[in-house]
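Each chain, letter by letter, is given below.
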Amino acid sequence: MKEGRRLRVLVAKPGLDGHDRGAKVVAHALRDAGLEVIYTGLRQTPEMIVEAAIQEDVDVVGLSVLSGAHTVLVPEIIALLRAKSLSDVLVCVGGIIPEEDYEELAAAGVKGIFGPGATTGEIVDFIRTHAPARTDPWGDGAAAEPTEGGAR
Amino acid sequence: MSIVDEVLKGNRLAAARLLTMVENRAPEAAAALRALHRHTGRAHIIGITGPAGAGKSTLVGGLVATLRSRGRTVGVVAVDPSSPFTGGALLGDRIRMGRLSGDPGVYIRSMANRGAMGGLSAATAGAVDVLDAMGFDVVVVETVGAGQSDVEVARLAQTTVVVLMPGMGDDIQMIKAGILEVGDVYVVNKADKEGADTALAELGTLVGMAPQRPGGAPAIVRTVATSGEGLDDLATAVDAHREALRKTGGLHAHEKSRSRSLLIELLKQEFLALACRSASTGEMDRLVEEIAARRMDPYLAAERLAAGVVLKGGSCPGPAAEPVTARRRGRDDLSG
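What you see is a predicted model, and the numbers here were worked out from it, not measured in a lab.

A. Here's a closer look at the overall build of chain A. Looking only at helices and strands, chain A features 5 helices and 5 strands. With 152 residues in all, chain A has 43% of them scored as buried. Nonlocal contacts in chain A, meaning residues at least 24 apart in sequence, comprise 73% of its contacts between residues at least 6 apart.

This is how it looks when you write it as structure tokens:
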């Protein structure tokens, strides 16, 4: 198994619909593509999703919404991500999203929308291509002064 | 401001980024962990292990909530398996800990084991140090839980909790499982299921026969994690164990043995990295080819690669060289 960076993806279901088959299929496909997927389960609030994204240091947040509440929940999540300095996280949405809402979601900051009929291969490719490059806000500050006895 | 300072101040974003660097074995991570080391050693490290499906994640969720109600802050490292084929992983422990997600006194990090054996990932010890240095009162480590050899956590944790459930087989199955030798606290979870009393009785007998643990005879607790039953008893048993360890000098002994394991583990990693780096491009592939074709045995190939590090300080010896022998003693010497 290779060392080094592995893309980490949070798959979350905001809102109240209980249909997670799609989210699980996508999570499974991402895992099979070699990504590390954190699945948070059903009925997550925007705050829970953003807090999980922080703690898990994910590159991508995938939101599955089938309730029709996407135009409310998704922009709220993206605003929260930005407020918590996670503005470079790639946000994708899947589920039942009417085409007339695509523009609104894109304007809110959604980069990829995958409705019924999207293949798992498309989703994997999209994430691989669009996952943000990592920046290091603390520069090489990580290499702070060595502790006593550090040989190297 | 360095990432180390930010982590020490409790900056969750910085901690998240550092945990990623630790997992990826980024060069900066080693430097940061070195700087953090003197700030560690304060947290109570609790390991949770047991077979898959015993309810570990749910129990961790419940235990963390109980500890929070007692005023303790808690960091969690939850390890799940990576696919040995693709390296991908589906990390699902947060599903059972959802309600803890918004609590500022809790930090949960899921980790894939990335091929490591023994129920943890290579980065788990480092992750525990990061959370310890951040100032969490308790750090809970949940193992993969894939089988009976899931016992690495006992080296890392001061208090190891073994989670079992009714109907797991007879007492011979329990004796076979190495997990019955590492527990400081045993939990029969799902105790509302049939067979709970039998499991508790058998466990009591077996634990009574097991070798003495530092910190005294293991406690046995019955829980129903989904309803919250027994969680208070579990938190009390875990606290009592640490107190017993502290009184008997067991904490220091554990700290020493953990430091020794850590040192050996780091040596292994250093050595492996050196061996991989010193193998010329294609050398590894060529050796694999030779082994698969039965032209070379894997023991010789490994010794060659190791010799490249030890003898030549970098480059690997050629394929036709004499067999290089006997350099296995280092490991035994160190683990004594």
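Next comes the rest of the account.
B. Structural context of the overall build of chain B. When you go through chain B residue by residue, the secondary structure sums to 13 helices and 8 strands. Sorting the 336 residues of chain B into buried and exposed places 46% on the buried side. Looking at chain B alone, contacts between residues at least 24 apart form 73% of all its contacts between residues at least 6 apart.

C. Representation of the sheet that holds strand 4 (residues 90–95) of chain A in the model. Read across the sheet, 6 strands follow the order 5(A)-4(A)-3(A)-1(A)-2(A)-3(B) without closing on themselves; strand pairing throughout is parallel. One side of each edge strand has no neighbouring strand; the edge strands of this open sheet are strand 5 (112–114) of chain A together with strand 3 (89–91) of chain B. Recorded for the sheet is a direction-independent mean angle of 20 degrees between the axes of neighbouring strands. Judged from the 4 bridges that link them, strand 1 (residues 8–12) of chain A and strand 2 (residues 36–39) of chain A form a sheet pairing that is parallel. In the sheet register, Val9(A) faces strand 2 of chain A, and the bridge partner there is Val37(A). Strand contacts of helix 2 (residues 46–56) of chain A: strand 1, strand 2 and strand 3 (60–65) of chain A, with the helix running at about 160 degrees to strand 1 of chain A, the strand carrying the most contacts.

D. Quick look at the sheet that holds strand 4 (residues 106–112) of chain B. Residue and element names in this part refer to chain B. Sheet architecture is open: 7 strands sit in the order 4-2-5-1-6-7-8, paired in parallel fashion. The strands lining the two open edges of the sheet, one partner per strand, are strand 4 and strand 8 (219–222). Strand-to-strand twist across the sheet, computed as the mean angle between neighbouring axes with direction ignored, equals 20 degrees. Two strands pair when backbone bridges link them, and strand 1 (residues 44–49) and strand 5 (residues 138–142) are joined in this way by 5 bridges, in the parallel orientation. Looking at the pairing, His 44 lines up with Val 138 of strand 5.

E. Structural context of the interface of chain B and chain A. Taken together, the 43 residues of chain B in the interface contact 40 residues of chain A. When residues of the side of chain B that touches chain A are traced back to their parent elements, those giving at least two are helix 1 (3–8), helix 2 (12–23), helix 3 (27–36), strand 3 and strand 4 of chain B. For the side of chain B that touches chain A, the element with the highest residue contribution is helix 2 of chain B, accounting for 8 residues. Here the residues of the side of chain B that touches chain A sort into 18 nonpolar, 15 polar and 10 charged. Sheet analysis places strand 2 of chain A next to strand 3 of chain B, joined by 3 bridges and oriented parallel. The partner of Ile38(A) across the bridge, within strand 3 of chain B, is Leu91(B).

F. Layout of the packing of helix 4 (residues 56–69) of chain B against helix 9 (residues 231–248) of chain B. Residues and elements named next belong to chain B. The geometry of helix 4 relative to helix 9 is characterised by a closest axis approach of 9 Å and an angle of 70 degrees between their N-to-C directions. Taken as axis vectors, helix 4 and helix 9 run roughly perpendicular relative to one another. Listed contacts from helix 9 to Gly 62, Leu 63, Thr 66 and Leu 67 of helix 4 are Leu 231, Asp 232, Leu 234 and Ala 235.

G. Structural view of the pairing of strand 1 of chain A. All names here are of chain A. With 5 of its 5 residues buried, strand 1 lies for the most part within the structure. By the alternation rule, side chains of strand 1 split into Arg 8, Leu 10 and Ala 12 and Val 9 and Val 11, which are all buried. Handedness of the β-α-β unit built from strand 1, helix 1 (residues 21–32) and strand 2 comes out right-handed. Judged from the 4 bridges that link them, strand 1 and strand 3 form a sheet pairing that is parallel. Bridge pairing links Val 11 to Gly 62 in strand 3.

H. Structural detail: unusual backbone geometry. Within the chain, Arg43(A) stands out as a residue other than glycine whose phi angle is a positive 55 degrees. Within the secondary structure layout, Arg43(A) lies in the loop between strand 2 and helix 2. Exposure remark for Arg43(A): the 14 C-beta atoms within 10 Å place this residue in the partly exposed category. Of note in this structure, Arg294(B) is not a glycine but carries a positive phi near 65 degrees. Here Arg294(B) is to be found in the loop between helix 11 (283–292) and helix 12 (298–310).

I. Region of interest: the nonpolar core. Residues Val37(A), Leu18(B), Val130(B), Val140(B) and Val187(B) are the most contacted members of the largest nonpolar core, which totals 130 residues. Setting aside residues no more than four positions away along its own chain, Val130(B) makes contact with Val7(B), Ala15(B), Leu18(B), Leu19(B), Val22(B) and Leu36(B).

J. Broad picture of the environment of Val106(B). Residue and element names in this part refer to chain B. By secondary structure assignment, the location of Val 106 is in strand 4. Taking the C-alpha atoms as reference points, Val 106 and Val 79, 27 residues apart in sequence, are found 17 Å from one another. Sequence-distant contacts of Val 106, defined by excluding residues within four places in its chain, comprise Val 64, Arg 68, Val 74 and Leu 100.

K. Representation of the packing of helix 2 of chain A against helix 3 (residues 70–83) of chain A. All names here are of chain A. At a minimum axis distance of 9 Å, the contact between helix 2 and helix 3 shows a crossing angle of 40 degrees. As the angle between them shows, helix 2 and helix 3 are arranged oblique. Like other packed secondary-structure pairs, helix 2 and helix 3 cross with a definite hand, here right-handed. Here helix 2 contributes Pro 46, Glu 47, Ile 49, Val 50 and Ala 53 to the contact with helix 3, which in turn contributes Leu 73, Glu 76, Ile 77, Leu 80 and Leu 81. Of the residues contributing to the contact of helix 2 with helix 3, the split by class is 8 nonpolar, no polar and 2 charged.

L. Expanded view of the confidence of the model for chain B. Residue and element names in this part refer to chain B. When pLDDT is averaged along chain B, the result is 85; 87% of the residues meet or exceed 70. Overall, residues 314–336 carries pLDDT values under 50, and its contacts beyond four positions in sequence, including any with other chains, amount to 25 contacts. Scored as a whole, the predicted complex attains pTM 0.83, and scored at its interfaces, ipTM 0.83.

M. Here's a closer look at the confidence of the model for chain A. Averaged over all residues, the pLDDT of chain A equals 85, while 86% of them reach at least 70. Mean pLDDT across the elements of chain A bottoms out in helix 1 of chain A (93) and peaks in strand 1 of chain A (96).

N. Focus on the pairing of strand 7 (residues 185–188) of chain B. Residue and element names in this part refer to chain B. Neither face of strand 7 is left uncovered, since the one carrying Val 185 and Val 187 and the one carrying Tyr 186 and Val 188 both have all their residues buried. Both strand 6 (residues 159–164) and strand 7 contribute to a ladder of 4 bridges, which runs parallel. Following the sheet pairing, Val 162 is matched in strand 7 by Tyr 186. Pairing analysis gives 4 bridges linking strand 7 to strand 8, with the strands arranged parallel.

Thresholds, definitions, all that
Residues numbered from 1 in each chain as written. Chains lettered and ligands numbered in written order. Predicted model: local features only at pLDDT ≥ 70, side-chain atom pairs only at ≥ 80, totals over all residues. Helix = DSSP H or I, 4+ residues; strand = E, 2+ residues; numbered from the N terminus. Buried ≥ 20, exposed ≤ 12 C-beta atoms within 10 Å, placed from the backbone. Contact = placed C-beta atoms within 7 Å. Pairing = 2+ DSSP bridges. Axes fitted to C-alpha atoms, helices over the stretch in contact; angles between N-to-C directions. Nonpolar A, V, L, I, M, F, W, Y, C, P; charged D, E, K, R; others polar. Parallel < 35°, antiparallel > 145°, perpendicular 65-115°, else oblique. Right-handed = clockwise from strand over helix to strand, strands pointing away. Core = buried A, V, L, I, M, F, W, Y, C linked by C-beta atoms within 7 Å. Left-handed = near helix turned anticlockwise from the far one by under 90°. pLDDT = per-residue confidence, 0-100.

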